[in-house]
2 protein chains.
Amino acid sequence: MNQGKLCLSVGAAVISADEVVAEPCQILIRDGRIEAVWRGGTTPAQIPVEYVRVQRPRAVAIPGLVNCHGHAAMTLLRGAGDDLPLQRWLEERIFPLEARLTGEAVYWGTLLACWEMIRSGTTCFTDMYMWMDDAARAVAESGLRGVLSWGIAASDPAGIDRAVATSRAFADRWHRAADGRITVTLGPHAPYTCSPECLRRVAELSAELNLPIQIHLSETWREVEECRAQFGRSPIAHALATGLLERPVLAAHCVHVDDDDIRILREKDVRVAHNPQSNLKLASGVAPVPKLLAEGVTVGLGTDGAASNNNLDMFEELRLAATLHKGVSGDATAVPAADALAMATSAGARAVFLPPGHGTLQPGAAADLVLLDLDSPHLTPGDNLVSDIVYAAGADDVTDVYVAGRCLLSNRELTTLDAERIRYEVRRIRQAMGAPGGA
Amino acid sequence: MNQGKLCLSVGAAVISADEVVAEPCQILIRDGRIEAVWRGGTTPAQIPVEYVRVQRPRAVAIPGLVNCHGHAAMTLLRGAGDDLPLQRWLEERIFPLEARLTGEAVYWGTLLACWEMIRSGTTCFTDMYMWMDDAARAVAESGLRGVLSWGIAASDPAGIDRAVATSRAFADRWHRAADGRITVTLGPHAPYTCSPECLRRVAELSAELNLPIQIHLSETWREVEECRAQFGRSPIAHALATGLLERPVLAAHCVHVDDDDIRILREKDVRVAHNPQSNLKLASGVAPVPKLLAEGVTVGLGTDGAASNNNLDMFEELRLAATLHKGVSGDATAVPAADALAMATSAGARAVFLPPGHGTLQPGAAADLVLLDLDSPHLTPGDNLVSDIVYAAGADDVTDVYVAGRCLLSNRELTTLDAERIRYEVRRIRQAMGAPGGA
């Protein structure tokens, strides 16, 4: 297929959370970008002959979903530990298994994540983990867009030097690789696993390489209390004090933040990755998203890793972001549907440092888009597309996925990945890893 | 096909939330009931020749999901009003549209609900609405199991007489109809729409006809406050005082309940339908489910109507029941996976007054079961089936659905319903209903 020029005929299109075309339209794609969306009475004859035509009259096109936080290869650990407090979950189940990971395991685990994300309408995801060359190789093969960090946890000088060298080399190899689909960010894990000197060095490297940063901040109450006890300030104030927030930062979680923290997030334009399902499952709490949005903080949505979720389905996060804050605040107008959809698309794209326009179907934007089945029961009667997508649709409605104009899922079939092989390898590797010590 | 005797060969089976067969097995079904589950090395030759054989080696069988609360035909109003406070939502959006409903509309709206529920693995649902003869006809045709109530909202003597007569006639026509798949319960809407005399008369009718009751109780804080102001007691204490709770009762919501209410629920064996997603979306709050379970109250799960959810996907309720209470309580051990799965299956069956064993795959239980695709990414690596089903699986993993041994979904295709016709009729009817007054 000529991927250079493509004309996608669809039954409707959500250009952005605020702009819906509730009638048939033609999406013209050129060199991986949206060229135009022609509405209404376009006839096939008006479409230049060199455009490859794809007919999906019973589909609605939406911007691809952006997963702003995760650890892709943790699909390998799906179901390895549930219903446990965070520290026991980490220490008894996750850490013993992670110690047995290899590059091969991360490669296949990341491919499993890519398969699952493609099938559920995600076109871009972030990853912070280990063996990241292998993860990047998987992303390159999958066709997805990836914002990748080699996780840093270091406190002593030698460890910091090693981590900085590893991240520098990873950026050299992978930043803007795979036709620009892969971008690299620096990934200091958290203030409780990185010393202040480590955070300072990461900020320096970020400035030197002109790369953004992602980090976990204020996920649990205990983390905040321990940070206050050790440093006399909240994790966010601590990150500010180390100089980290002078750089572009994506902060995952931000569940336990006070007004001072929110002021810092706003003033430093720190992006927040909200992971509602993971925060519930690990009993971390509920992030004050309505307040963050009211203060103008950019908030995207993420699944977190499959060991703490336990899937990578962004429709679930989208729905939860739109309903959870209503339920816990008692305000049924909190996080309306369009705001939630923006968090999963355009705001999510901004959160992971993609250029303006990304996460929409506006001309010039990357052609990262997803088709949903208009004939699905969830989209029937179908009077209110944004509402239906946010409150009713699900992964089962995803039929086609495009990234940079390339088809990764066609009529529910993967085009880039071999699901059977991935399943085989993941089961083989997981079995060889054995049970966690505490199981 | 000879539906009398069936042998279903599957790759694994969840007999109940507490009993998993993680190896190939044969499920023998006879006259609509589970006859036996043969494990391990059964050879085809050992299966009596008169059994029709269905091979699904890459599926896991689970008990069908039981949806304990809803208003099926409200699928017609999906997306008609969101992001509004409950009273404005009801008065400006829902009531004006409901006033235009007809028997035909309820018939097609209920069929849409049945389609959606079959596709997402529900085998039994409750319904409390209007034009219930038309709803019952739809249930009979769909092949699903339905626990149906003609909704009662009455306070004056004539209105109460009419409602009692309507419910009596509905029970005469439909109780134990459709080969016993339909059972009738009495459906007083709520203490705020039914006078004490109405509730008393419903209790009398329930005793006379030997039929259970379903009702909404303590959904919102405002409802509880108004009940206390009017009657000097909580809605649950009020229901007790009218004699209603002397009969078998399924109470939907129970979000705002105190210790006295919980004691009443336990002592009177009132079943609770927990609707976490609807309660969040309408900003009603979070029911104290861990406490209800600890007190031994039977709790099932429900979706509520599609106007307040906005879909009928029980996997979402299952997941939310297992994660929400962890997140709001700060206790990661709250509502473990097996408890959530029981709520969606065996406890749900008890909640809607089905006989013991229903909601399991134990010998003697009704053969209401669902097959999930073991090859799905959600079930990979697949070390922990109950965890995977509760925390990772979704409607997209459902391949086959059986009710009373009859196949309603085969390899993702509906066998009893015409989806295209339902879609056409629902859209036609919804369009003719027009916009709600306040839109």
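Residues numbered from 1 in each chain as written. Chains lettered and ligands numbered in written order. Predicted model: local features only at pLDDT ≥ 70, side-chain atom pairs only at ≥ 80, totals over all residues. Heavy atoms only, no water.

Caption draft 1: Molecular detail of the overall build of chain A. In terms of regular secondary structure, chain A is built from 15 helices and 18 strands. In chain A, the share of contacts with a sequence separation of at least 24, taken over all contacts with a separation of at least 6, comes to 72%. Split by element, the accessible area of chain A, about 14300 Å² in all, is 50% carbon and sulfur. Of the side-chain charges in chain A, 41 are positive and 54 negative, and the distance between the mean point of each set is 3 Å. (Helix = DSSP H or I, 4+ residues; strand = E, 2+ residues; numbered from the N terminus. Contact = heavy atoms within 4.5 Å. Areas by Shrake-Rupley, 256 points an atom, 1.4 Å probe, with all protein chains shown as cover. Lys, Arg positive; Asp, Glu negative; His and termini not counted. Charge placed at Lys NZ, Arg CZ, Asp CG, Glu CD.)

Caption draft 2: Fine view of the domain arrangement of chain A. All names here are of chain A. Annotation of chain A at the domain level lists domain 1 (5–64 + 362–414) and domain 2 (65–351). Distance between the C-alpha centres of domain 1 and domain 2: 29 Å. There are 1 salt bridge connecting domain 1 and domain 2. One salt bridge in this structure joins Asp368 and Arg145, with 2.7 Å as the shortest N-O distance. Applying the counting rule to domain 1 against domain 2 returns 4 residue pairs in polar contact (both at pLDDT 80 or more). Residue assignment for the side of domain 1 that touches domain 2 shows that the elements contributing at least two residues are strand S5 (52–63), strand S15 (369–373), helix H14 (385–392), strand S16 (398–403) and strand S17 (406–410). Sorting elements by how many residues they give to the side of domain 1 that touches domain 2 places H14 first, with 6 residues. A per-class count over the side of domain 1 that touches domain 2 returns 23 nonpolar, 3 polar and 3 charged. (Domains from an automatic or database assignment. Salt bridge = Lys/Arg side-chain N within 4 Å of Asp/Glu carboxyl O. Polar contact = N/O pair within 3.5 Å; in protein donor to acceptor, adjacent residues only side chain to side chain. Nonpolar A, V, L, I, M, F, W, Y, C, P; charged D, E, K, R; others polar.)

Caption draft 3: Just the packing of aromatic side chains, in detail. All told, the structure shown has 4 aromatic pairs over all chains when counted by the stated rule. For the ring pair A:Trp150 and A:Phe170, a centre distance of 5.8 Å and an interplane angle of 80 degrees mean the geometry is edge-to-face. Taken together, the residues span a long stretch of sequence, with A:Trp150 in strand S8 (residues 145–152) and A:Phe170 in helix H4 (residues 157–174) at a distance of 20 residues. Each ring, one from B:Tyr107 and one from B:Trp108, has its centre 5.0 Å from the other, and the planes form 75 degrees; the classification is edge-to-face. Geometry around B:Tyr391 places A:Lys281 over its ring, the cationic atom sitting 4.5 Å from the centre. (Phe/Tyr/Trp six-rings, centres within 6.5 Å; stacked < 30°, edge-to-face > 60°. Lys NZ or Arg CZ within 6 Å of the ring centre and 35° of its normal.)

Caption draft 4: How the structure looks around the interface of chain A and chain B. Each side of the interface is counted separately: chain A has 59 residues, and chain B has 59 residues. With both chains or domains summed, chain A and chain B bury close to 4700 Å², and 55% of this area falls on carbon and sulfur atoms. Contact with chain B buries area across many residues of chain A, yet A:Asp83, A:Pro377 and A:Pro381 alone supply 14% of it, more than any other trio. Counting the contacts that link chain A with chain B gives 12 salt bridges. Of the charged contacts, one joins A:Arg119 and B:Asp397 as a salt bridge, the two residues approaching to 3.2 Å between their closest N and O atoms. Where chain A meets chain B, there are 38 residue pairs in polar contact (both at pLDDT 80 or more). Going through the elements one at a time, helix H2 (103–119), helix H9 (276–281), helix H11 (314–329), H14 and helix H15 (419–433) of chain A are the ones with two or more residues in the side of chain A that touches chain B. Here the side of chain A that touches chain B gets 8 residues from one element, more than from any other, and that element is H11(A). Within the side of chain A that touches chain B, the residues separate by chemical class into 23 nonpolar, 17 polar and 19 charged. (Buried area = accessible area lost by both parts, 1.4 Å probe.)

Caption draft 5: Main features of the relation of the copies chain A and chain B. Overlay of chain A on chain B (RMSD 0.0 Å): rotation 180 degrees, translation along the axis 0.0 Å. Taken together, the turn and the small shift mark the pair as related by a two-fold rotation axis. No C-alpha of chain A approaches the rotation axis more nearly than that of A:Asp396, which lies at 2.3 Å. A shared interface surface links the copies, since 100% of the contact residues of chain A are contact residues in chain B too. (Least-squares fit on C-alpha atoms with pLDDT ≥ 70 in both.)

Caption draft 6: Looking closely at the packing of H11(A) against H14(A). Residues and elements named next belong to chain A. Contact geometry for H11 and H14: axes closest at 7 Å, N-to-C directions at 95 degrees. As the angle between them shows, H11 and H14 are arranged roughly perpendicular. Contacts between H11 and H14 involve Phe315, Leu318, Arg319, Ala322, Thr323 and Lys326 from the first element and Ile389, Val390, Tyr391 and Ala392 from the second. The residue inventory of the contact of H11 with H14, partitioned by class, reads 7 nonpolar, 1 polar and 2 charged. (Axes fitted to C-alpha atoms, helices over the stretch in contact; angles between N-to-C directions. Parallel < 35°, antiparallel > 145°, perpendicular 65-115°, else oblique.)

Caption draft 7: Molecular detail of the side chain of A:Thr298. Residues and elements named next belong to chain A. By the element assignment, Thr298 lies in the loop between helix H10 (289–294) and strand S14 (299–301). Engagement of the side chain of Thr298 in a polar contact is seen with the side chain of Arg350, the distance being 2.8 Å. Not counting chain neighbours up to four residues away, the residues in contact with Thr298 comprise Asp269, Val270, Arg271, Val272, Ala347, Arg350 and Ala351.

Caption draft 8: Expanded view of the sheet that holds strand S13 (residues 271–274) of chain A. Residues and elements named next belong to chain A. Taken in spatial order, the 4 strands line up as S11-S12-S13-S14 in an open sheet, and their pairing is parallel. Two strands lie at the open edges of the sheet, namely strand S11 (213–217) and S14, each paired on one side alone. Adjacent strand axes in the sheet meet at a mean angle of 30 degrees when their direction is disregarded. Pairing of strand S12 (residues 249–253) with S13, which is carried by 3 bridges, proceeds in the parallel orientation. (Pairing = 2+ DSSP bridges.)

Caption draft 9: Local environment of helix H15 (residues 419–433) of chain B. Residue and element names in this part refer to chain B. The end-to-end C-alpha distance of H15 is 21 Å, a good match for the 21 Å that 15 residues give at a rise of 1.5 Å each. Residues Ala419, Ile422, Arg423, Glu425, Val426, Ile429, Arg430 and Met433 constitute the buried set of H15. Buried residues along H15 sit in contact with helix H1 (86–98), helix H2 (103–119) and strand S18 (413–414). Gly434 occupies a position one or two residues after H15 and carries a positive phi of about 75 degrees. (Expected span 1.5 Å × (residues − 1). Buried < 20%, exposed > 50% of the residue type's maximum accessible area, 1.4 Å probe, protein only.)

Caption draft 10: Structural context of the sheet that holds strand S14 (residues 299–301) of chain B. Residue and element names in this part refer to chain B. The 4 strands lie next to each other as S11-S12-S13-S14, forming an open sheet whose pairing is parallel. Whereas interior strands pair on both sides, the edge strands pair on one side only; in this sheet they are strand S11 (213–217) and S14. On average, adjacent strands in this sheet sit at an angle of 30 degrees to one another, irrespective of strand direction. In the packing of helix H11 (residues 314–329) onto the sheet, contacts are made with strand S13 (271–274) and S14, and the angle to S14 comes to roughly 130 degrees.

Caption draft 11: Seen up close, the environment of B:Arg423. Note on placement: B:Arg423 falls in helix H15. In this structure, the C-alpha to C-alpha distance between B:Arg423 and B:Gly109, residues 314 residues apart in sequence, is 9.4 Å. Aside from chain neighbours lying at most four places away, what touches B:Arg423 is A:Asp375, A:Thr380 and B:Trp115.

Caption draft 12: Region of interest: the pattern of salt bridges. On inspection of all chains with the given rule, the structure shows 68 salt bridges over all chains. For the salt bridge of B:Lys326 with A:Asp83, the shortest nitrogen-to-oxygen distance reads 3.1 Å. With B:Lys326 in helix H11 and A:Asp83 in the loop between strand S6 (65–67) and helix H1 (86–98), the pair connects residues from two separate chains. You'll find B:Lys326 and A:Asp83 in the same group, each marked buried. Note that B:Arg228 is salt-bridged to B:Asp258, the shortest N-O span being 3.2 Å.

Caption draft 13: How the structure looks around the environment of A:Lys281. Mapped onto the elements, A:Lys281 comes out in helix H9. A relative accessible area of 3% means that A:Lys281 is categorised as buried. Separated by 198 residues in sequence, A:Lys281 and A:Asp83 have C-alpha atoms that sit 7.7 Å apart. Excluding its chain neighbours within four sequence positions, the residues that come into contact with A:Lys281 are A:Gly81, A:Asp82, A:Ala307, A:Ser308, A:Asn309, A:Asn310, B:Thr323, B:Lys326, B:Ala332 and B:Tyr391. Polar side-chain contacts of A:Lys281 include one of 2.7 Å to the side chain of A:Asp82.

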